[in-house]
Amino acid sequence: MRYVRLYRLFFAQYMKTLMASKVDFFMGFLAFSTTQFFGLVFLFVVFGQIPSLSGWDFYEILFVYGFAQIPRGIDHVLTDNIWLLARDYVKLGTFDRYLVRPINIFFHLCADRFQPDGFGELIVGVVIVAIAAPHVSLTVTPLMLLLFLVSILLGSVIYTAIKLFFASLAFWIKDAMPLLGIAYNMADFAKYPITIYNAPIQFCLTFIIPFAAVAYFPAAFFLGRVSIWQGIGLEAIVACISFAIAYSFFKLGMARYESAGS
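Residues numbered from 1 in each chain as written. Predicted model: local features only at pLDDT ≥ 70, side-chain atom pairs only at ≥ 80, totals over all residues. Heavy atoms only, no water.

1. Some points on the pattern of salt bridges
A full pass over the atoms with the stated rule returns nine salt bridges. The salt bridge partner of Arg-225 is Glu-60, with a shortest N-O separation of 3.0 Å. Of this pair, Arg-225 sits in the loop between α11 (216-222) and α12 (228-255) while Glu-60 sits in helix α3 (residues 58-79), and the two are 165 residues apart along the sequence. Judged by its relative accessible area of 37%, Arg-225 falls in the partly exposed class. Note that Arg-72 and Asp-188 form a salt bridge whose closest N and O atoms lie 3.3 Å from each other. Highlighted residues: Arg-72 in helix α3 and Asp-188 in the loop between α9 (177-185) and α10 (199-208), separated in sequence by 116 residues. Judged by its relative accessible area of 11%, Arg-72 falls in the buried class. Linked through salt bridges whose partners overlap, the residues forming this network are Arg-72, Glu-121, Asp-188 and Lys-191. (Salt bridge = Lys/Arg side-chain N within 4 Å of Asp/Glu carboxyl O. Helix = DSSP H or I, 4+ residues; strand = E, 2+ residues; numbered from the N terminus. Buried < 20%, exposed > 50% of the residue type's maximum accessible area, 1.4 Å probe, protein only.)

Below, the structure written as structure tokens:
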């Protein structure tokens, strides 16, 4: 019951933040939409010259592109505060306040700050998928819709796990922001099928920083290119393993936290 009350409290705080941040939301949405617009222009230019890329046509790649944005948007809205763990909380000693309250520290860290402009990523992703869907081979059934929602949630967990792991390096190096930025920006590779990259990049995106499990493999399943085990099954395994590793690393870092560092 305590956590139910806390969820209600944090949801109320979120709604208050959302209503108070209309300008931030629209500015963030505009900025993100502009960035994605140029990314889509790039795709149009490329496919103006070639009919397919590594066996993927324009709308299939567009589907992967949009699919990758949806879980990233959810992660952005709900767990954006992890970035401050990487940059400020350990270095300034302000992580202390999360240690003195009788609730789960990771939950408190995430719920302490919501980022409404993350809805920009979510909305743009949904729109792009909706545009691509009529032009690709999708099977629309209640089961597939359920799997689509499950896949999005699993993808969000993977984004959060990767972010949490690299942010937790701050417990050792104080400021992990540069490393987190480099790792998280590799998510841009997940917007496209990994088969268009060379073997080392494919290996990295699959086994080291597994962004391929967020979009490529589940999207390939929905497009009928791989089995459910290679798509949703693999994504579920990666989500569980990556979050377990990240959360364990986070707890290990907390154990050596020394308050305000120098």
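2. Side note on α12
Helix length check: α12, at 28 residues, gives a terminal C-alpha distance of 39 Å against a target of 40 Å (1.5 Å per residue), a fit within 8%. Along α12, the sharpest change in direction is near 30° and occurs at Leu-234. Close packing links the buried residues of α12 with α4 (82-92), α5 (105-111), α7 (142-167), α8 (170-173) and α11. (Expected span 1.5 Å × (residues − 1). Bend = angle between axes of the 7 residues up to and from the residue. Contact = heavy atoms within 4.5 Å.)

3. Section: the packing of α7 against α12
Here α7 crosses α12 at 30°, and the two axes come no closer than 8 Å. By the angle between their axes, α7 is roughly parallel relative to α12. Our pair here, α7 against α12, has a crossing hand that is left-handed. Looking at the contact of α7 with α12, its residues break down into 18 nonpolar, three polar and one charged. (Axes fitted to C-alpha atoms, helices over the stretch in contact; angles between N-to-C directions. Parallel < 35°, antiparallel > 145°, perpendicular 65-115°, else oblique. Left-handed = near helix turned anticlockwise from the far one by under 90°. Nonpolar A, V, L, I, M, F, W, Y, C, P; charged D, E, K, R; others polar.)

4. Description of the nonpolar core
Counting 79 residues, the largest nonpolar core has Phe-63, Leu-85, Phe-95, Phe-211, Phe-222 and Phe-250 as its most contacted members. When residues of this core are assigned to their parent elements, the largest contribution, twelve residues, is made by α7. (Core = buried A, V, L, I, M, F, W, Y, C linked by side-chain atoms within 4.5 Å.)

5. Some words on α4
Counting buried positions along α4 gives eight out of eleven residues, so the element sits mostly inside the fold. Taken together, the buried positions of α4 are Ile-82, Trp-83, Leu-84, Leu-85, Ala-86, Asp-88, Tyr-89 and Val-90. Buried residues along α4 sit against α3, α5, α7, α8, α9 and α12. Once α4 finishes, Gly-93 follows within two positions and takes phi at roughly 80°, a positive value.

6. What to know about the environment of Leu-153
Secondary-structure assignment places Leu-153 in helix α7. For the pair Leu-153 and Pro-71, spaced 82 residues apart in sequence, the C-alpha separation works out to 6.6 Å.

7. So, the packing of aromatic side chains
With the rule as written, the count across this model stands at 30 aromatic pairs. Here the aromatic rings of Phe-95 and Tyr-257 are separated by 5.3 Å at their centres, their planes lie at 75°, and the arrangement is edge-to-face. You can see Phe-95 sitting in the loop between α4 and α5 and its partner Tyr-257 sitting in the segment after α12, a full 162 residues away along the chain. Residue Phe-95 is classed as buried on the basis of its relative accessible area of 0%. Classification of Tyr-257 as buried rests on a relative accessible area of 13%. With 5.4 Å between their ring centres and 80° between their planes, Phe-189 and Tyr-197 make a pair best called edge-to-face. (Phe/Tyr/Trp six-rings, centres within 6.5 Å; stacked < 30°, edge-to-face > 60°.)

8. Points about the packing of α7 against α9
Packed helices, taken two at a time, are described by the angle between their axes plus the distance between the axes. Contact geometry of α7 with α9 gives a least axis separation of 9 Å together with a crossing angle of 155°. Considering their axes alone, α7 and α9 lie roughly antiparallel with respect to each other. Judged by the twist between their axes, the crossing of α7 over α9 is right-handed. Between α7, through Tyr-159, Lys-163, Phe-166 and Ala-167, and α9, the contact on the second element is made entirely by Leu-179, Leu-180, Ala-183 and Tyr-184.

9. Topic: a nonpolar patch on the surface
On the surface, a cluster of nonpolar side chains totalling about 480 Å² of accessible area is made up of Trp-172, Ile-173, Leu-179, Ile-182 and Leu-252. Secondary structure elements with two or more residues in the nonpolar patch: α8 and α9. For Trp-172, the location among the structural elements is in helix α8. (Patch = residues over 30% accessible without salt bridge, like charges linked within 9 Å, V, L, I, M, F, W, Y side chains within 5 Å. Areas by Shrake-Rupley, 256 points an atom, 1.4 Å probe, with all protein chains shown as cover.)

Just distances and angles here, no functional claims.
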